[in-house]
Every structure is written in structure tokens, then in C-alpha cells.
Amino acid sequence: MTQQGWPERFAVQVAAEVRRHRARRGMSAQQLADECKKLGMPIQRSVIANFENGRRANVSVAELLVFAAALKVSPMELVFPVGYEHSCEGLPGRVDETYDWAQWFSGEAYPKPGWEFVAEEENAMEICRGLIPMLEILVNSKEQLAQAEADLDAVRDAAEAAKQQVEAAEREMERVLTVREANIQAREESENRTSDEYRLLMEEAERLRQLQKDAVEQLARARKGELSYGQKKHSVEYWRKHVVDDEKSAREVLAEFDKHGFVPPDLPEELAYLKQPEPTKGAPQRRRATRIKKEAGGHAERAKG
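Asks: Would you take a moment to explain helix α6 (residues 98-106) for this structure?
Replies: Turn by turn, an α-helix covers 3.6 residues, leaving residues three or four places apart pointing in a common direction. Burial in α6 covers these residues: Thr98, Asp100, Trp101 and Ala102. Residues of α6 that are buried sit in contact with α5 (75-79), β1 (87-91) and β2 (94-97).

Asks: Please clarify how the environment of valine 253 should be interpreted in this entry.
Replies: The residue valine 253 is located in helix α8 (residues 195-260) in this model. Residue valine 253 is classed as buried on the basis of its relative accessible area, which comes to 0%. For the pair valine 253 and leucine 131, spaced 122 residues apart in sequence, the C-alpha to C-alpha distance is 5.9 Å.

Asks: What am I meant to see in the environment of methionine 27 here?
Replies: Tracing the backbone through its elements, the reader meets methionine 27 in the loop between α1 (6-24) and α2 (29-38). Sequence-wise, methionine 27 and leucine 71 are 44 residues apart; in three dimensions their C-alpha atoms are separated by 8.8 Å. For methionine 27, the residues in contact, after removing those within four places along its chain, are Arg22, Leu32, Glu35, Ala70 and Leu71.

Asks: Got a minute to help me understand the pattern of salt bridges in this structure?
Replies: A side chain of one charge can pair with a side chain of the opposite charge when the charged atoms of the two come close. Per the counting criterion, the structure on display carries 10 salt bridges. Linking arginine 94 and aspartate 96 is a salt bridge whose minimum nitrogen-to-oxygen distance equals 3.0 Å. Note that glutamate 126 is salt-bridged to arginine 129, the shortest N-O span being 3.8 Å. Here arginine 129 and glutamate 126 lie together in helix α7 (residues 124-188), a separation of three residues that amounts to about one turn.

Asks: Please clarify how the nonpolar core should be interpreted in this entry.
Replies: Counting residues in each nonpolar core, the largest one holds 25 residues, and the members touching the most others are Val18, Leu32, Phe51, Phe67 and Leu78. Elements represented by at least two residues in this core include exactly α1, α2, α3 (45-52), α4 (61-71) and α5. Take this core: its biggest share by element is six residues, from α4. Residues within four places of leucine 78 in sequence aside, it is in contact with Gln13, Val14, Glu17, Val18, His21, Leu64, Phe67, Ala68, Leu71 and Val73. Within the second largest apolar cluster, 20 residues are counted, among which are Leu135, Trp239, Leu254 and Phe257.

Asks: Help me out: how do you make sense of the confidence of the model for the protein chain in this one?
Replies: Mean pLDDT over the protein chain: 79, with 67% of residues reaching 70 or higher. The low-confidence segment residues 282-296 (pLDDT under 50) makes 29 contacts with residues lying over four places distant or belonging to another chain. Here residues 299-305 is a poorly scored stretch, pLDDT under 50, and it has 11 contacts once near neighbours within four places are set aside; other chains count.

Asks: Even after reading the chapter, I still don't get the pairing of β1, so can you show me in this structure?
Replies: Bridge analysis of β1 against β2 gives four bridges, and the strand direction is antiparallel. Within β2, the residue paired with cysteine 88 across the bridge is aspartate 96. The loop that links β1 with its antiparallel partner β2 comprises two residues; one of these, glycine 93, has a positive phi angle of about 75°.

The rules behind each value
Residues numbered from 1 in each chain as written. Predicted model: local features only at pLDDT ≥ 70, side-chain atom pairs only at ≥ 80, totals over all residues. Heavy atoms only, no water. Buried < 20%, exposed > 50% of the residue type's maximum accessible area, 1.4 Å probe, protein only. Helix = DSSP H or I, 4+ residues; strand = E, 2+ residues; numbered from the N terminus. Contact = heavy atoms within 4.5 Å. Salt bridge = Lys/Arg side-chain N within 4 Å of Asp/Glu carboxyl O. Core = buried A, V, L, I, M, F, W, Y, C linked by side-chain atoms within 4.5 Å. pLDDT = per-residue confidence, 0-100. Pairing = 2+ DSSP bridges.

The structure is reproduced here in C-alpha cells:
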């Protein structure tokens, strides 16, 4: 293959994918033309037919984008036959694996020597890829923290009541034990008592045994409530720490945009504060966006847990 005729070969490759995805969606050429018109760029049915049949040997970037939007696929899927052809001609006279071309086109990777981009830390898309998952992780951490704080508030009063129950149960047990000792002594002296006095004494002993049982159960419940409060408090501390760490990591990625003069993507309203100076002493040490991107994988596993 030579460089001559490359634009035509490329157009044929794109036309084949337009036809493939149109057929997959069950659309006619006229329906595709209608969708293009709705998107603001009218393309006649005859133009589409001529393009797909090879009678029109060119396609503009504008048409490529509109075709992709109308067919509900990414532009990359119309450029390279991902999932359908093992290899294709991605540059004049250069045939390589389709997935490699797709990764190169989308900026996801540069899998072969000679395909390298500029340094990753100077690539705005590479930095953005480190930012987006980090923001998702931060939002998840903040949601987990809010839930943990709500759970803690829910058990706070119960924990205080449990503490009082513990104290009351312990006092009751002390009283029961004291009365039981007196009761034992009274039983030893029962031969000097009448039958009615002895009967009343035994009834009191049974009541005290039940009181002791109830006090033990009450004590167990109260301590369980204290344990629940402690667990909720630990959960709040756990997620609060992760929010702080995730905020720091997100700010470090945002700093990379400023460092290279790039405009960062819009942040969700609830995270807009990240563009403000960090409210801590000292400036955090910057890490390269590529390193942060790798760390995001570990955070994602933790966020799922």
C-alpha cells in the first residue's frame, strides 16, 4: 500500500462501520438521515447511500461526529472496527491490531514503540483520567461519612441511656447480693420461725433470684448498646479520615492542571470547594497524575467494601 489513496481507503473503512452500526440498530438510511437532521446537520439519504456504497470517497470530521451521535456509538467505533476486525489500516500503509489503534485514537494507551504521546504529566486527558475516578471516590467517602454520622446520632441517646442502665443494673445487683446474704442467714435461723414466716421468706428469696436474673440481662443489653455506640463512632472516624485523604489526593490532581496551564473539567457543585486553597498548614507535596491514577484503583476497591 502507498500513501496515495489513503483518504479514500479510510473513508471506505468508516463507511463500512456506519453501515454495520446502522444495520445493528435496524435503521434505514432515511432514518439515519433524519437523526442527523435532528442533531443540527442535515445529511441527505442519497449522500449516506453513496457514502456506504463507496461512491462518495470522503468523510469530514463533522460528519463522523454526527454519524456517531445518531448511531449512539463513540466516534472511535466508526473509525476502527473494534470487535469485528482483528486488524485494520490506521495510518497510511500501516496495518496493526484494531484494539491497538482504538486505544491510540482514544488516548487510553500507546501500546507499541513509536506510538508514544507527549509526556503523560503534560497530557490534559491523562491528568483528567486521574481526576474523574478520584472525584467519584471522594463523593462515595463523603456519602459514607454522612451515613456514619447519622447512624452515630441515632445511637447517641441510646448509648447514654445504656450507660445509665449499666449503673442502675450494677446497683441493683449489689443490693440483691446484699439481701441474699441476709436471706441465707435467715434460712439458717428458720427453725426459730413460724411456717408462715418461712413461706414469706422463701417467696422473697425467689423474687430476689428473679431480680438478679433481670439485672444481669439488663446489664448485658446496656453493654451491647455501649458497644454499638463505639462501633458507630469508629466508623465515623474511619470515613472522616478517608474524606480528608481523598480531598488531598483530588487537590493534588487539580494542582497538575494549574501546573501545566490546563483548564480542569467542571466539578460537581458539592465538590466546588476543592478549587479553593486547602484549609491546612503547609502545602501538600504534589504527586504525578499517573501515580494518583494508579492509586485510584486501590481506593475504588476500598470504596466498594
